[in-house]
Amino acid sequence: MAADAATGASAHAKINLALHVVGKRADGYHLLDSLVAFADVGDRLTLTPADADALHLSGPFGPGLEGHDNIVARALALARRVAAARGHTIGPLSIELEKNLPVASGIGGGSADAAAVLRALMPGLPRAAQDDLVAAALGLGADVPMCLDGRALVARGIGEMLSPLPQFPALPMVLANPGVAISTPAIFKALPTACNGPLPEGPVQGFDTVGSVVSYLRLCRNDLAAPAISVEPVIGACLKALQAAGAARSAMSGSGATCYGVFEDASQAQCAAGAIAAANPGWWVRATVARPTHDRSAA
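In short, a report on the structure. All of these numbers come straight from a predicted model, not from anything done at the bench. (Residues numbered from 1 in each chain as written. Predicted model: local features only at pLDDT ≥ 70, side-chain atom pairs only at ≥ 80, totals over all residues. Heavy atoms only, no water.)

The next thing to look at is the nonpolar core. Core analysis: the biggest nonpolar cluster contains 39 residues, and Leu45 and Leu118 have the highest contact counts within it. Contributing elements (two or more residues each) for this core: strand S1 (7-24), strand S2 (30-49), helix H1 (71-85), strand S4 (93-98), helix H2 (109-121), helix H3 (127-136), helix H4 (144-149) and strand S5 (153-157). Residues contacting Leu118, with those up to four places away along its chain left out, are Ala75, Ala79, Leu133, Ala137, Leu140, Val144 and Leu148. One finds Ala37, Leu199, Ala251 and Ala290 within the second-largest nonpolar core, a separate group that totals 30 residues. (Core = buried A, V, L, I, M, F, W, Y, C linked by side-chain atoms within 4.5 Å. Buried < 20%, exposed > 50% of the residue type's maximum accessible area, 1.4 Å probe, protein only. Helix = DSSP H or I, 4+ residues; strand = E, 2+ residues; numbered from the N terminus. Contact = heavy atoms within 4.5 Å.)

Set out below in structure tokens:
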């Protein structure tokens, strides 16, 4: 980034369209197969050179992060260590995090924020340092590498084995969160078994239509949905609301509590979001689009 210029970066919501838990490592990490897409809705970060490091929180969910360890600061520290190892210095930065995504909601908000910081800093680093930073991103969290990649993909392992999809359409959808924060460790603890079937084989070239995505998703699961609903039954109500609004496919994302519904077109998604929000004024509801493969812009 330029020495005297602000740099903006978007942190797009990560949607687990399918999430199969297929095993567990000796160190306790669960092994996953997941189909992941990224939505237009997200947080926004602005990095500005400053006399000293500072993190400023804004947006509707910014106050919920006050006083907590923030992955944004850890991402900056990681970037500095990697850059220093290659003889490059990253100076003090003031970072504004506009937090538009609910916290602990199963759509990768923190991981996406960390990835956005790394993405904003990369253009100012030597190529070798950029490569090192991509490799080191997993140390911030299992979801950070896929958020750094930022395109529709299949993730395996603990989230570090990424297979980007050559084709993926713009996918109209509604995201709905019933206003509860979910502890991911608690959901995994409630999972009956860690050994479930993998994702079904998908087309090698990915998906070219909304219908082809929906047809594939009907063969898939989110193995964390039942445990999450047992902890927070309102998630079941969220899924029913999406179904009643006409979603062609609905499921929970990640460990919850955010659920998604896929719709045939953007106008249907907008109408559904309006109806769900009106009937459930305490919920966070957004009509959005899962970004197509050709759209990898950070803005």
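Each aromatic ring pair is specified by the distance between its two centres and by the angle formed by the two planes. Evaluated as defined, the whole model comprises two aromatic pairs. Pairing Phe168 with Phe207 gives two aromatic rings, centres 6.4 Å apart and planes at 90 degrees, and the pair type is edge-to-face. Taken as a pair, Phe168 in the loop between strand S6 (161-164) and strand S7 (171-177) and Phe207 in the loop between helix H5 (184-189) and helix H6 (210-217) lie far apart in primary sequence, 39 residues in all. For Phe207, a relative accessible area of 5% puts it in the buried group. The interplanar angle of 50 degrees and the centroid separation of 5.2 Å between the aromatic rings of Phe207 and Tyr216 together place this pair among those described as tilted. You'll find Phe207 and Tyr216 in the same group, each marked buried. Through pairs of rings, three or more aromatic residues link up here, namely Phe168, Phe207 and Tyr216. (Phe/Tyr/Trp six-rings, centres within 6.5 Å; stacked < 30°, edge-to-face > 60°.)

Turning our eyes to something else, we now look at helix H9 (residues 266-279). An ideal rise of 1.5 Å per residue puts 20 Å on 14 residues; H9 measures up with 20 Å between its terminal C-alpha atoms. Turning to H9, its buried residues are Ala269, Ala272, Ala273 and Ile276. All buried residues of H9 project into a common sector of 100 degrees when viewed along the axis, lining one side. Of the residues in H9, the exposed ones pointing more than 90 degrees away from the buried face are Gln270, Cys271 and Ala278. Taken together, the buried residues of H9 touch S7, helix H8 (234-244) and strand S10 (284-290). (Expected span 1.5 Å × (residues − 1). Arc of directions from axis to C-beta.)

If you walk through the whole model with that rule in mind, you get eleven salt bridges. For Arg156, the salt bridge is made with Asp33, and the minimal N-O distance between the two is 3.6 Å. Placement of Arg156 in strand S5 and of Asp33 in strand S2 is noted, with a sequence separation of 123 residues between them. Asp149 serves as the salt-bridge partner of Arg151, at 2.8 Å between the closest nitrogen and oxygen. Assessed through its relative accessible area of 26%, Arg151 is described here as partly exposed. Three or more residues joined by partner-sharing salt bridges are found here, namely Asp43, Lys99 and Asp113. (Salt bridge = Lys/Arg side-chain N within 4 Å of Asp/Glu carboxyl O.)

This paragraph deals with the packing of H1 against H2. Orientation of H1 relative to H2, taken along the N-to-C sense of each, is 35 degrees, at an axis distance of 8 Å. Read as a crossing pair, H1 and H2 show a hand that is right-handed. Facing H1, whose interface residues are Ile71, Val72, Ala75, Leu76 and Ala79, H2 presents Gly110, Asp113, Ala114, Val117, Leu118 and Leu121. (Axes fitted to C-alpha atoms, helices over the stretch in contact; angles between N-to-C directions. Left-handed = near helix turned anticlockwise from the far one by under 90°.)

Another aspect to go through is the packing of H1 against H3. Following both chains from N to C, one finds H1 and H3 inclined at 135 degrees, their axes separated by 9 Å at the closest point. In terms of their interaxial angle, H1 and H3 are classed as oblique. In this structure, the crossing between H1 and H3 has a hand that is right-handed. Of the residues in H3, those in contact with Leu78, Ala79 and Val82 of H1 are Ala129, Asp132, Leu133 and Ala136. Looking at the contact of H1 with H3 residue by residue, the class counts come to six nonpolar, no polar and one charged. (Parallel < 35°, antiparallel > 145°, perpendicular 65-115°, else oblique. Nonpolar A, V, L, I, M, F, W, Y, C, P; charged D, E, K, R; others polar.)

Another point: the state of the cysteines. If you walk through the whole model with that rule in mind, you get zero disulfides. Free of any disulfide, Cys147 has its nearest neighbouring cysteine sulfur in Cys259, separated by 19 Å. Residue Cys147 is classed as buried on the basis of its relative accessible area of 3%. Among the cysteines around Cys195, which has no disulfide bond, Cys220 carries the closest sulfur, lying 19 Å off. (Disulfide = S-S within 2.5 Å.)

Let's shift gears to the side chain of Asp149. Counting through the fold element by element, Asp149 comes out in helix H4. Within the local environment of Asp149, its side chain forms a polar contact with the side chain of Arg151, the two groups lying 2.8 Å apart. (Polar contact = N/O pair within 3.5 Å; in protein donor to acceptor, adjacent residues only side chain to side chain.)

Here we come to the pairing of S2. Within S2, 14 of the 20 residues are buried, which leaves the element mostly enclosed by the surrounding structure. As paired strands, S1 and S2 are joined by 15 bridges and run antiparallel to one another. Among the inter-strand pairings, Val21 is bridged to a residue of S2, identified as Leu32. What sits between S1 and S2 in their antiparallel hairpin is a turn of five residues, with Gly28 showing a positive phi close to 100 degrees. In this structure, S2 lies alongside S5, joined through five bridges in antiparallel fashion. Residue pairing in the sheet places Leu32 in a bridge with Gly157 of S5. Inspection of the sheet shows S2 paired to S4 by six bridges, in the antiparallel sense. Across the sheet, residue Thr46 finds its bridge partner in S4, namely Glu96. (Pairing = 2+ DSSP bridges.)

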